[in-house]
Amino acid sequence: NAGVTQTPKFQVLKTGQSMTLQCAQDMNHNSMYWYRQDPGMGLRLIYYSASEGTTDKGEVPNGYNVSRLNKREFSLRLESAAPSQTSVYFCASSEMWLEYEQYFGPGTRLTVT
Amino acid sequence: ELKVEQNPLFLSMQEGKNYTIYCNYSTTSDRLYWYRQDPGKSLESLFVLLSNGAVKQEGRLMASLDTKARLSTLHITAAVHDLSATYFCAVDLYGGSQGNLIFGKGTKLSVKP
């Protein structure tokens, strides 16, 4: 069991470039989440997907889009990267019968110059 | 708007001492989570507290939840260096229907010999 995997681990973008962060889980969870973590700010929810085929905005969705490709995969896209999007991005998954205890991926460290 | 406040944000302890981290939240919720994060790593689930009066213990850590006071505590007993990490509490925004978590800013714990 790999749990939650994320690619890439590190990425440097120039302002205005686009990229997609990939996330996959092999625990058969219905719910998946994208967070960003900035120093001193804790984690903030960007988007979530309660089940395959549904996505909803979290606290800080501006500048991002998501796709729930299937039950396993949930991707996060930056259409036009900005320096304010420099952050560490975490994907997580959970399940109702696990009381929504979230399992986190290893993170992607993104720098936008 | 749900706010989750942890204090202290920084805690330097001596090995062998006891201390408590506090997590206050601003709206009704009977579901609270504690996570641990080591430097440069992902988040690891410690406790899931599901009802008023819930208490859970793992090793030198004990967490409790008082939903009436909107307060959770993480008590550290006889601290050891291995407990040095950042600890986050998180509250379920919708009371458990979708697992949308609002995180506190974290308490950075440093245990010194």
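Here's a quick rundown of the structure. The shown structure was predicted, so the numbers you read here are calculated from the model rather than taken from an experiment.

The next subject is the overall build of chain B. Scanning chain B from terminus to terminus reveals zero helices and eleven strands. Beginning at the N terminus, the succession of helices and strands in chain B can be written as β-β-β-β-β-β-β-β-β-β-β. In terms of overall size, chain B behaves like a compact globule, its C-alpha atoms giving a radius of gyration of 13 Å where 113 residues would be expected to give roughly 13 Å. If one aligns the C-alpha atoms of chain B with their principal axes, the spans along those axes are about 40 × 30 × 20 Å. Taken over 113 residues, chain B has a buried fraction of 47%. Across chain B, contacts joining residues at least 24 apart in sequence account for 54% of those joining residues at least 6 apart.

What follows concerns the sheet that holds strand β3 (residues 19-25) of chain A. Residue and element names in this part refer to chain A. Spatial strand order, β1-β3-β8-β7: four strands in an open sheet with antiparallel pairing. Two strands lie at the open edges of the sheet, namely β1 (4-7) and β7 (64-68), each paired on one side alone. Pairwise comparison of adjacent strand axes, ignoring direction, gives a mean angle of 20° for this sheet. Here β7 runs beside strand β8 (residues 74-78); their pairing, made up of five bridges, is antiparallel. Paired with Asn 65 across the two strands is Arg 77, which belongs to β8.

Turning our eyes to something else, we now look at the interface of chain A and chain B. Each partner contributes to the interface: chain A provides 20 residues, whereas chain B provides 22 residues. Here chain A and chain B share an interface that buries about 1,700 Å² over both sides, 53% of which is from carbon and sulfur atoms. At the boundary of chain A and chain B, one finds one salt bridge. Salt-bridge contacts for B:Arg31 lead to A:Glu99; the nearest nitrogen and oxygen are separated by 3.0 Å.

Attention shifts here to the environment of B:Ala78. Residues and elements named next belong to chain B. In this structure, Ala 78 sits in the loop between β8 (71-76) and β9 (85-92). Along the sequence, Ala 78 and Lys 112 sit 34 residues apart, while their C-alpha atoms lie 12 Å from each other. Apart from the residues lying within four places of it in its own chain, the contact partners of Ala 78 are Gly 16, Lys 17, Asn 18 and Arg 60.

The next thing to look at is the pairing of strand β11 (residues 108-112) of chain A. Residue and element names in this part refer to chain A. Of the two faces of β11, only one is covered, namely that formed by Thr 108, Leu 110 and Val 112; the face formed by Arg 109 and Thr 111 stays uncovered. Sheet analysis places strand β2 (residues 10-13) next to β11, joined by four bridges and oriented parallel. Counterpart to Leu 13 in the pairing with β11 is Val 112. Summarising the sheet, strand β9 (residues 87-94) and β11 pair through three bridges and their orientation is antiparallel. Bridging from a neighbouring strand, Tyr 89 pairs with Thr 108 of β11.

So, on to the environment of B:Arg70. Residue and element names in this part refer to chain B. Among the secondary structure elements, Arg 70 is positioned in the loop between β7 (61-66) and β8. The exposure class of Arg 70 is partly exposed, given its relative accessible area of 31%. Between the C-alpha atom of Arg 70 and that of Thr 28, which follows or precedes it by 42 residues, the distance is 7.2 Å.

In total, this model carries two disulfides over all chains according to the counting rule given. The disulfide bridge from A:Cys23 ends at A:Cys91, spanning 1.8 Å between sulfur atoms. Taking the sign of the torsion about the S-S bond as the criterion, the disulfide between A:Cys23 and A:Cys91, at about -70°, is left-handed. With A:Cys23 in strand β3 and A:Cys91 in strand β9, this pair connects stretches of sequence that are 68 residues apart. Here A:Cys23 matches A:Cys91 in class, with each residue buried. Covalently, B:Cys23 is tied to B:Cys89 through a disulfide, its sulfur atoms 2.0 Å apart. As the torsion about the S-S bond is roughly 80°, the B:Cys23-B:Cys89 disulfide counts as right-handed. A residue pair is termed long-range when its members are at least 10 positions apart, and B:Cys23 in strand β3 (residues 19-25) and B:Cys89 in strand β9 qualify at 66 residues.

Another point: the nonpolar core. Within the largest apolar cluster, 26 residues are counted, with the highest numbers of intra-cluster contacts made by B:Val4, B:Leu32, B:Trp34, B:Leu74, B:Ile76, B:Tyr87 and B:Leu109. Secondary structure elements with two or more residues in this core: β2 (10-14), β3, β4 (32-37), β5 (43-49), β7, β8, β9 and β11 (107-112) of chain B. Element by element, the count of residues in this core is highest for β9(B), at four residues. Residues contacting B:Tyr87, with those up to four places away along its chain left out, are B:Gln6, B:Ile21, B:Tyr35, B:Arg36, B:Leu46, B:Leu61, B:Leu74, B:Gly106, B:Thr107 and B:Leu109. Within the second largest apolar cluster, 20 residues are counted, among which are A:Leu13, A:Met32, A:Ala81 and A:Val112.

What counts, and at which threshold
Residues numbered from 1 in each chain as written. Chains lettered and ligands numbered in written order. Predicted model: local features only at pLDDT ≥ 70, side-chain atom pairs only at ≥ 80, totals over all residues. Heavy atoms only, no water. Helix = DSSP H or I, 4+ residues; strand = E, 2+ residues; numbered from the N terminus. Rg over C-alpha atoms; globule rule 2.2 N^0.38 Å. Buried < 20%, exposed > 50% of the residue type's maximum accessible area, 1.4 Å probe, protein only. Contact = heavy atoms within 4.5 Å. Pairing = 2+ DSSP bridges. Axes fitted to C-alpha atoms, helices over the stretch in contact; angles between N-to-C directions. Buried area = accessible area lost by both parts, 1.4 Å probe. Salt bridge = Lys/Arg side-chain N within 4 Å of Asp/Glu carboxyl O. Disulfide = S-S within 2.5 Å. Core = buried A, V, L, I, M, F, W, Y, C linked by side-chain atoms within 4.5 Å.

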